[in-house]
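Coordinates in review
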Amino acid sequence: MKKILTYRNVLYFVPVSLLIIAILPIKVYSYYILLRFVCTTCFVLIYMYEKEKSKMNNFLNLLVLFIVIYNPIIPLKLDKVIWIIVNILTIIFIVFIFMKKEWQDN
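Residues numbered from 1 in each chain as written. Predicted model: local features only at pLDDT ≥ 70, side-chain atom pairs only at ≥ 80, totals over all residues. Heavy atoms only, no water.

Structural notes on the environment of Ile94
Its place among the elements puts Ile94 in helix α4 (residues 80-105). Separated by 78 residues in sequence, Ile94 and Val16 have C-alpha atoms that sit 7.3 Å apart. Sequence-distant contacts of Ile94, defined by excluding residues within four places in its chain, comprise Tyr12, Val16, Phe43 and Leu63. (Helix = DSSP H or I, 4+ residues; strand = E, 2+ residues; numbered from the N terminus. Contact = heavy atoms within 4.5 Å.)

Pasting the structure below:
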């Protein structure tokens, strides 16, 4: 029986869930600060995990771009509409990487 709740799955599920919530009209700026920390941390861990075990270098290079965009140290100031677009693109990208990895593992 395949385990659903693994360390790797959580690394993909948590940022995607937070990014979906971020698309909603939230007025609390502290949520977005938390989102940056969590997404950056998860993306760095995904990068390290996948770089070690994978040959998806083109996708990993794009993941570095998302690490830079969401970094909490030097925050990128964008309009809310642009952030929504970036969040949707990030969700699609992370889900795509996850699904591609799942297909390769099976």
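Still more to cover.
Quick word on the packing of helix α1 (residues 7-23) against helix α2 (residues 29-53)
Where α1 contacts α2, the axes come no closer than 9 Å and their chain directions differ by 150 degrees. Classified by the interaxial angle, the pair formed by α1 and α2 is roughly antiparallel. With respect to the hand of their crossing, α1 and α2 are arranged in left-handed fashion. Between α1 and α2, the residues in contact are Tyr7, Arg8, Leu11, Tyr12, Val14, Pro15, Leu18, Leu19, Ile21 and Ala22 and Tyr31, Tyr32, Leu35, Val38, Cys39, Cys42, Phe43, Leu45, Ile46, Tyr49 and Glu50, respectively. For the contact of α1 with α2, the residue count by class is 19 nonpolar, no polar and 2 charged. (Axes fitted to C-alpha atoms, helices over the stretch in contact; angles between N-to-C directions. Parallel < 35°, antiparallel > 145°, perpendicular 65-115°, else oblique. Left-handed = near helix turned anticlockwise from the far one by under 90°. Nonpolar A, V, L, I, M, F, W, Y, C, P; charged D, E, K, R; others polar.)

Considering the nonpolar core
Judged by nonpolar contacts, the single largest core of 26 residues is most densely connected at Leu19, Leu35, Phe43, Leu63, Tyr70 and Ile94. Residue assignment for this core shows that the elements contributing at least two residues are α1, α2, α3 (57-70) and α4. Sequence-distant contacts of Tyr70, that is, excluding residues within four places in its chain, are made with Leu19, Arg36, Cys39, Thr40, Phe43, Trp83, Val86, Asn87 and Thr90. (Core = buried A, V, L, I, M, F, W, Y, C linked by side-chain atoms within 4.5 Å. Buried < 20%, exposed > 50% of the residue type's maximum accessible area, 1.4 Å probe, protein only.)

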